[in-house]
Amino acid sequence: MSEVLRISFPEPPVREPEPIVRLKGFSRHFGETRVLDDLDLSIAPGEFVALLGRSGSGKTTLLRTLAGLDEANGASAVIPASRATVFQDARLLPWKRVWQNVVLGVTGEDRRQRAEEALREVGLEHRPDAWPLTLSGGEAQRASLARALIRKPELLLLDEPFAALDALTRIRMHALVLSLWRRHQPAVLLVTHDVEEAMALADRILVLDAGRIAAEERITAPRGQRASVVRPLRGRLLGHLGLQTDGGVYADLIGRDH
Ligand SMILES: Nc1ncnc2c1ncn2[C@@H]1O[C@H](COP(=O)(O)OP(=O)(O)OP(=O)(O)O)[C@@H](O)[C@H]1O
């Protein structure tokens, strides 16, 4: 009987994409105060990550490092050069018109046209010539998003960009950020205090505590179908943040007796 020659080819290894952000053993102190302590963080290209943490836990310090505003004096840091930041306050120059703010630092004769395209993407195409002080809070944040997007960043850093907005505007901005993220696919790091916002937007939620990433939650459910995972996840996240809940109410803060 002739022998059957079986040749098996090994499965090609599934390659994880190289992270776009990688901090390893990263520390930052101010005088005696150690704010970030031997922190490890990596973010994949196109990933949407939310960063939660109590007030003073170092979220802004970490984001400023990634934004290049603070020196990355860690053991090893990979941060893409192509990045842009949106802050809680829109930080538009009041003496420049909206479109001029959007193309600040951008060169080329087609600046105005590019600004108009970016403003169209954020739903502000009707106000390119407005002065920033005449914009509502939501409009100012749209302009700030347009200014970030025009740079086509590989990494978009969002430092509580919706915190100062009313609840309805915030929901509209969530939808806008998600549609821009889907279209342009930057990696996003969103710093927020808002557990609901993190759960609605992110693929992965990190909790910063005592200078390190103390907890990590991955959400695989599609954004439109998260209702069933939200309740237990919310409880876990509040637990990571040091808050006990009782049926969704903050038992630790309001007491259990009344
Ligand atoms: N330039 C600085 N000099 C001294 N201490 C600083 C400096 N910047 C930040 N800190 C301290 O580092 C700690 C972390 O601050 P950071 O602003 O990163 O916290 P956070 O998590 O963003 O807080 P919040 O949620 O309240 O904005 C705080 O105790 C803060 O006082």
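Residues numbered from 1 in each chain as written. Predicted model: local features only at pLDDT ≥ 70, side-chain atom pairs only at ≥ 80, totals over all residues.

As named in an unreviewed UniProt entry, the chain is ABC transporter ATP-binding protein, taken from Sphingomonas oryzagri. Quoted verbatim from the Sequence similarities (unreviewed entry) heading of the UniProt record, the comment on the chain is "Belongs to the ABC transporter superfamily." (UniProt positions renumbered as here; feature names shortened; annotations may be inferred.)

This paragraph deals with helix α7 (residues 227–240). Its 14 residues give α7 an end-to-end C-alpha distance of 20 Å, which sits within 8% of 20 Å, the value for a rise of 1.5 Å per residue. The sharpest bend along α7 comes to roughly 30 degrees, located at L233. G242 lies just past α7 and shows a positive phi near 85 degrees. (Helix = DSSP H or I, 4+ residues; strand = E, 2+ residues; numbered from the N terminus. Expected span 1.5 Å × (residues − 1). Bend = angle between axes of the 7 residues up to and from the residue.)

Residues in contact with the ligand, as listed here, are F30, T33, V35, G53, S55, G56, S57, G58, K59, T60 and T61. Of all elements in the fold, only β2 (33–43) and α1 (59–66) reach the threshold of two or more residues within the shell around the ligand. Broken down by element, the residue count for the shell around the ligand peaks at 3 residues, all from α1. In the shell around the ligand, the residues fall into 2 nonpolar, 8 polar and 1 charged. (Near = placed C-beta within 6 Å. Nonpolar A, V, L, I, M, F, W, Y, C, P; charged D, E, K, R; others polar.)

Glancing now at the pairing of strand β7 (residues 187–191). With respect to burial, β7 is a largely interior element, 5 of its 5 residues being buried. Going residue by residue along β7, you find A187, L189 and V191 tucked away on one face and V188 and L190 tucked away on the opposite face as well. Where strand β3 (residues 48–53) meets β7, 4 bridges bridge the pair, whose relative direction is parallel. Paired with V49 across the strands is L189, a residue of β7. (Buried ≥ 20, exposed ≤ 12 C-beta atoms within 10 Å, placed from the backbone. Pairing = 2+ DSSP bridges.)

What follows concerns the nonpolar core. Counting residues in hydrophobic clusters, the biggest one holds 59 residues, and the most contacted among them are V102, A146 and L189. Of all the elements, helix α4 (residues 137–149) adds the most residues to this core, at 6 residues. Sequence-distant contacts of L189, that is, excluding residues within four places in its chain, are made with I43, V49, L51, L63, L66, L157 and L158. (Core = buried A, V, L, I, M, F, W, Y, C linked by C-beta atoms within 7 Å. Contact = placed C-beta atoms within 7 Å.)

Packed helix pairs are specified by the crossing angle of their axes together with the interaxial distance, meaning the distance between the axes. One can describe the packing of α4 onto helix α5 (residues 167–184) by two numbers: an axis separation of 11 Å at closest approach and a directional angle of 15 degrees. One finds that α4 runs roughly parallel with respect to α5. In terms of crossing hand, the pair formed by α4 and α5 is right-handed. Of α5, the residues touching α4 (which contributes G137, G138, Q141, L145 and L149) are T169, R172, M173, L180 and H184. Considering only residue class, the contact of α4 with α5 consists of 4 nonpolar, 5 polar and 1 charged. (Axes fitted to C-alpha atoms, helices over the stretch in contact; angles between N-to-C directions. Parallel < 35°, antiparallel > 145°, perpendicular 65-115°, else oblique. Left-handed = near helix turned anticlockwise from the far one by under 90°.)

On to the sheet that holds β2, then. Strand pairing in a sheet relies on backbone hydrogen bonds, with the paired strands running either antiparallel or parallel. The 3 strands lie next to each other as β2-β1-β4, forming an open sheet whose pairing is antiparallel. At either end of the open sheet lies a strand with only one pairing partner, and these are β2 and β4 (76–78). With direction set aside, neighbouring strand axes in the sheet form an average angle of 30 degrees. Bridge count for strand β1 (residues 21–30) against β2 is 7 bridges, and the pairing is antiparallel. Counted as the bridge partner of R28 is L36 from β2.

Right, let's talk about α5 for a bit. Here α5 is 18 residues long and its end C-alpha atoms lie 26 Å apart, about the 26 Å a rise of 1.5 Å per residue gives. Just past α5, the residue Q185 takes up positive phi, approximately 55 degrees.

What follows deals with the sheet that holds strand β6 (residues 155–159). Reading across from one edge, β5-β6-β7-β3-β8-β9 is the order of the 6 strands in this open sheet, with mixed pairing throughout. Taken across any chain shown, the strands that pair with only one partner, and hence form the sheet edges, are β5 (83–86) and β9 (212–218). On average, each strand axis in the sheet is tilted by 20 degrees relative to the strand beside it, whichever way the strands run. Pairing between β3 and strand β8 (residues 204–209): 5 bridges, direction parallel. By the bridge assignment for β8, A50 is matched with I205. Sheet strands touched by α7: β3, β8 and β9. Its angle to β9, the strand with the most contacts, is close to 180 degrees.

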